[in-house]
Amino acid sequence: MVSINAVKAIARKEFTDKLNNRWIVVISIAFTVFTIIISYFGSSVSGVTGFREMAPTIASLTSLVIYFIPILALTLGGGVIADERDRHTLDIYLASPISVSEFIAGKFIGLSISLSLPTIIGFMVSGIVLFLNITNASILSYILFIVHSIILGLIFLSISFLVSVLFYDRAKVIAFTVFAWLFFTVLYDLGLIGVLVVSKGRINVDILSILLMFNPIDIYRIMNFMSIGEYSLFLGLSSIEFPKFLNMPVLWGICMIWIVVPLTISFSLFKRKYLT
Amino acid sequence: MKITLTDVVKKYGEFTAINSVNLDLNSGQMLGLVGPNGSGKTTLLKLILGILKPTIGNIQVDGQVLDPIKWKEYKGGVGYMPERVSFYDNLTGIETLKFFGQIKGGSIDNIKDVLDRLFTKEILDKKVGSYSKGMRQRLNFAQAIINDPNVLILDEPTSGLDPIGIKEFYEIISGILERKRPIIILSSHILAEIEDRVTTVGIMKDGQLQALGTLNELYKKSELPLKLYIISKSENNGIMDMLISEGVKIVMSTKNEAGAVTQTLQGVNERILHCEFHRDNKMKILSCLMERKIDIIDFIVREPSLEEVFFGLN
């Protein structure tokens with residue numbers, strides 16, 4: 001039987017920790033400020049400042065989020081096991097009548113709320129400023145952008161749990177967190193471009209699309225650009241038509257897989273590492 | 001409740017942390033687990049806690065090998081106090097206890113009396129970050145008993161406690177033992193401290209339970225001699241020769257501990273004999289002393305300490 005009280009207690013503790021140490025407030029303010037700055041100065045390279053239409057604004061914000069949210073999520077969850085182990089509280093949990101899945105679920109729910117709340121607050125507050133300054137702004141596109149940003153955070157939080165379980169040593173956790181961030185934000189796409197160049201663009205679009213699904217950041221980009229309806233242009237892939245099977249529900253489904261799979265592996269690795 | 005470990009082996013790759021341990025634990029029993037660092041004490045505790053699983057052998061609770069669901073039920077009645085724990089600095093003492101109460105299915109109402117003894121209300125309302133080492137240890141103990149456990153496992157429970165804290169701790173433990181009769185396992189390296197408090201002692205070395213029994217059983221098993229101190233009135237009274245003839249080994253014969261003659265007891269010169277003899281000769285030695293009681297001011301028979309037994313068995 002699932003101990004809902006224990007899951008709730010762990011989740012509440014994780015959330016109140018982040019609330020009490022002002023992490024949530026600081027990140028909310030950071031999201032608000034960055035969003036407003038990027039929205040206002042997004043076109044400054046072309047000599048123009050000021051709020052633009054919603055589509056280019058979301059495109060600019062997407063570029064902010066792909067760097068900001070993954071690193072926040074990875075650092076938030078990366079130390080989740082190492083911290084409890086270093087405190088010696090992990091043994092108290094393991095000797096308690098809660099299962100590993102309840103322990104991890106409690107931690108994940110608490111940190112998910114801690115990460116999602118400032119995302120919502122930050123983008124909602126800045127959203128009000130945007131809607132007051134942008135004519136014919138699409139509320140739906142912006143809401144979808146927030147939802148996708150939350151999903152991206154959950155995916156990287158799930159990856160961070162896997163990192164936390166994989167590496168015993170806190171220094172290794174930090175090193176791998178930085179590597180994972182670099183890999184998904186820069187190296188993976190660089191590798192894909194490299195493959196395209198070497199193969200002289202002969203790679204099938206379907207295969208390329210499938211390869212993009214192995215990077216949650218690419219999925220996030222595609223989802224945002226699909227929601228604003230101009231994804232090919234912003235992706236720099238104007239000559240490429242994405243296959244029809246890559247529609248929004250399918251992308252959401254793939255995102256769910258990205259959340260569930262690392263978390264499930266974390267769960268079974270944790271059991272194997274600490275409870276055998 | 002009864003916990004039985006049968007031929008339990010715990011291996012990590014090639015390394016054997018626990019080697020063929022057999023152990024019976026019953027309600028009301030307080031086992032003192034002693035052994036040098038790395039002897040396998042913590043691994044054994046984690047096996048009993050259900051955190052680790054034996055590589056070979058089994059652990060039965062009330063005659064049953066537990067499945068995962070039963071282990072979860074069992075853990076609901078377990079209290080564990082790790083040796084060192086660093087609680088969350090941003091929670092108050094009472095918030096910490098409420099939190100672990102929710103995790104373990106307990107409540108601070110279960111330990112209201114104990115809390116009154118261990119803390120003042122002001123301290124419980126303070127953030128744990130401001131607690132002294134002793135206060136943290138008290139909090140650690142309180143969380144261990146918050147679910148009113150049937151099995152209480154305490155790893156070096158008095159480290160960081162002052163003498164008053166240690167006294168209070170053992171008073172609370174004996175209160176719990178009397179009221180609830182749980183199985184208590186207490187791991188410690190301060191042998192003198194647990195000597196008079198536990199019902200059974202287990203001595204671990206190299207992953208093996210080298211000796212297990214009541215203190216008296218261990219004293220007998222160790223075959224360490226009893227120590228006899230005789231304070232006699234004068235030097236040439238023949239006590240020494242008589243004791244030697246009865247198989248007593250004279251370890252030391254001095255005027256006093258400093259080796260000098262002192263005028264005490266109305267001007268009588270004291271002579272202190274420090275002897276050792278086998279337990280079987282106890283009554284014979286006593287009759288000898290009775291025969292020469294006129295020459296004897298006082299005598300003391302001392303059992304070996306747990307520390308001596310520990311080193312004797314190692």
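A separate point is helix H10 (residues 216-228) of chain A. All names here are of chain A. Counted at 1.5 Å a residue, the expected span for H10 with its 13 residues is 18 Å, and the 19 Å between its end C-alpha atoms agrees. In terms of burial, H10 is largely enclosed, as 12 of its 13 residues are buried. Where H10 is concerned, the buried positions are Pro216, Ile217, Asp218, Ile219, Tyr220, Arg221, Ile222, Met223, Asn224, Phe225, Ser227 and Ile228. Immediately beyond the C-terminal end of H10, within one or two residues, lies glycine 229, with a positive phi of roughly 85 degrees.

So, on to the nonpolar core. Counting 161 residues, the largest nonpolar core has A:Phe270, B:Ile3, B:Ile48 and B:Phe141 as its most contacted members. If you look at the next biggest cluster of nonpolar residues, it comprises 12 residues, including B:Leu226, B:Leu243, B:Cys275 and B:Phe277.

What follows is about the interface of chain A and chain B. Taken together, the contacts link 27 residues of chain A with 27 residues of chain B. Roughly 2,400 Å² of surface becomes buried between chain A and chain B when both sides are summed, with 58% attributable to carbon and sulfur atoms. Interface area lost by chain A to chain B is led by A:Arg87, A:Ile92 and A:Pro97, which between them contribute 26%. A:Glu102 is the salt-bridge partner of B:Lys72, the closest N and O atoms lying 2.8 Å from each other. Put simply, chain A and chain B have 8 residue pairs in polar contact (both at pLDDT 80 or more) between them. Contributions of two or more residues to the side of chain A that touches chain B are made by helix H1 (4-20), helix H4 (80-87) and helix H5 (90-94) of chain A. It is H1(A) that provides the largest number of residues to the side of chain A that touches chain B, a total of 7 residues.

Below, the discussion takes up the packing of aromatic side chains. Tallied over the full model, the rule gives 28 aromatic pairs over all chains. With centroids separated by 5.2 Å and ring planes inclined at 75 degrees, the aromatic side chains of A:Tyr40 and A:Phe51 adopt a geometry described as edge-to-face. Here A:Phe51 lies in the loop between helix H2 (23-41) and helix H3 (54-78) and A:Tyr40 lies in helix H2, a separation of 11 residues in the sequence. The exposure class assigned to A:Phe51 is partly exposed, which follows from its relative accessible area of 24%. Where B:Phe169 meets B:Tyr170, the ring centres are 5.0 Å apart and the plane angle is 80 degrees; that geometry is what we call edge-to-face.

Here we take up the packing of H10(A) against helix H12 (residues 248-274) of chain A. Residue and element names in this part refer to chain A. The contact between H10 and H12 brings their axes to 10 Å, and the two run at 155 degrees. Taken as axis vectors, H10 and H12 run roughly antiparallel relative to one another. Helix-helix and strand crossings are classified by hand; for H10 and H12 the assignment is left-handed. Contact residues: H10 offers Pro216, Ile219, Ile222, Met223, Met226 and Ser227, while H12 offers Met248, Leu251, Trp252, Ile254, Cys255 and Trp258. Residues that form the contact of H10 with H12 fall into these classes: 11 nonpolar, 1 polar and no charged.

In total, this model carries 22 salt bridges over all chains according to the counting rule given. Between B:Glu171 and B:Lys167 there is a salt bridge; the shortest N-O distance is 2.9 Å. Residue B:Glu171 and its partner B:Lys167 are located together in helix H7 (residues 163-179), separated by 4 residues, close to a single helical turn. Residues participating in the shared-partner salt-bridge network are A:Lys13, A:Glu14, A:Asp17, A:Glu84 and A:Lys107.

All names here are of chain A. A cluster of nonpolar residues, Val25, Ile29, Val33, Phe34, Ile37, Tyr40 and Phe41, forms a patch on the protein surface that exposes about 590 Å² of accessible area. Inspection of the secondary structure puts valine 33 in helix H2. For valine 33, a relative accessible area of 39% translates into the label partly exposed.

Structurally, A:Thr89 is set in the loop between H4 and H5. A polar atom in the side chain of A:Thr89 sits 2.5 Å from the side chain of A:Glu84. The residues contacting A:Thr89, other than those within four sequence positions of it, are A:Glu84, B:Val85, B:Ser86, B:Phe87, B:Tyr88 and B:Phe100.

Now for the sheet that holds strand S5 (residues 64-65) of chain B. Residue and element names in this part refer to chain B. Strand order in the open sheet formed by 4 strands is S2-S1-S4-S5, and the pairing between neighbours is antiparallel. For this open sheet the edge positions go to strand S2 (15-26) and S5, each flanked by a neighbour on one side alone. As judged from the 2 bridges shared by strand S4 (residues 56-61) and S5, these two strands associate in the antiparallel manner. Counted as the bridge partner of glutamine 60 is valine 65 from S5.

As a further point, take the sheet that holds strand S7 (residues 151-155) of chain B. All names here are of chain B. The 6 strands lie next to each other as S6-S7-S8-S3-S9-S10, forming an open sheet whose pairing is mixed. This sheet does not close on itself; its edge strands, each paired only once, are strand S6 (78-81) and strand S10 (208-213). Between one strand and the next, the sheet's axes are offset by a mean angle of 15 degrees, whatever the strand orientation. Two elements, strand S9 (residues 200-205) and S10, share 5 bridges in a ladder whose sense is antiparallel. Bridged to methionine 204 within S10 is leucine 209. Strand contacts of helix H1 (residues 41-49): strand S3 (30-34), S6, S7, strand S8 (183-187) and S9, with the helix running at about 160 degrees to S7, the strand carrying the most contacts.

About the cut-offs
- Each chain carries its own residue numbering, running from 1 in the direction its sequence is written.
- All chains are assigned letters beginning with A, and all ligands numbers beginning with 1, in the order in which they are written.
- Confidence filtering applies because this is a predicted model: local features only for residues at pLDDT of at least 70, side-chain atom pairs given and counted only at 80 or more, and all residues used for totals across whole chains, interfaces and linings.
- With hydrogens and water stripped out, all remaining heavy atoms of the structure feed into the side-chain values.
- Secondary structure elements follow DSSP: runs of H or I no shorter than four residues count as helices, runs of E no shorter than two count as strands, and numbering proceeds from the N terminus.
- What a helix is expected to span follows from its residue count: subtract one and scale by 1.5 Å.
- The buried label applies to any residue whose accessible area, calculated with a 1.4 Å probe on protein chains only, is under 20% of its type's maximum; exposed applies above 50%, and partly exposed to all values in between.
- To define a nonpolar core, start from buried Ala, Val, Leu, Ile, Met, Phe, Trp, Tyr and Cys residues and group those joined through side-chain atoms within 4.5 Å.
- Whether two residues are in contact is decided by their heavy atoms: any pair within 4.5 Å suffices.
- For any pair of parts, buried area is found by adding up, for both, the accessible area (1.4 Å probe) each one loses once the two are put together.
- Counted as salt bridges are all cases of a side-chain nitrogen of Lys or Arg within 4 Å of a carboxyl oxygen of Asp or Glu.
- Any pair of nitrogen or oxygen atoms within 3.5 Å is treated as a polar contact; in protein, a donor-acceptor pairing is required on top of that, and neighbouring residues in sequence qualify only through side-chain atoms on both sides.
- Stacked, edge-to-face and tilted are the three classes for Phe, Tyr and Trp ring pairs, Trp counted by its six-membered ring, which pair at centre distances within 6.5 Å; planes under 30 degrees apart are stacked, over 60 edge-to-face, the rest tilted.
- An axis is simply a line fitted to the C-alpha atoms; with a helix, the fit covers only the stretch in contact. Between two such axes, the angle follows the N-to-C directions and lies from 0 to 180 degrees.
- In what follows, roughly perpendicular refers to angles from 65 to 115 degrees, roughly parallel to angles under 35, roughly antiparallel to angles over 145, and oblique to any angle outside these ranges.
- We call a crossing left-handed when the near helix sits turned anticlockwise from the far one by less than a right angle, and right-handed when that turn is clockwise.
- Residues are grouped as follows: Ala, Val, Leu, Ile, Met, Phe, Trp, Tyr, Cys and Pro are nonpolar; Asp, Glu, Lys and Arg are charged; all remaining types, including Gly, are polar.
- Two distance rules govern patches: like charges are joined within 9 Å, and nonpolar side chains (Val, Leu, Ile, Met, Phe, Trp, Tyr) within 5 Å, applied only to residues with over 30% relative accessible area and no salt bridge.
- The protein chains shown are the only cover counted for residues, whose accessible areas, like all others here, come from Shrake-Rupley with a 1.4 Å probe.
- The criterion for strand pairing is that DSSP finds at least two bridges linking the strands in question.

Nothing here speaks to function; it is geometry throughout.
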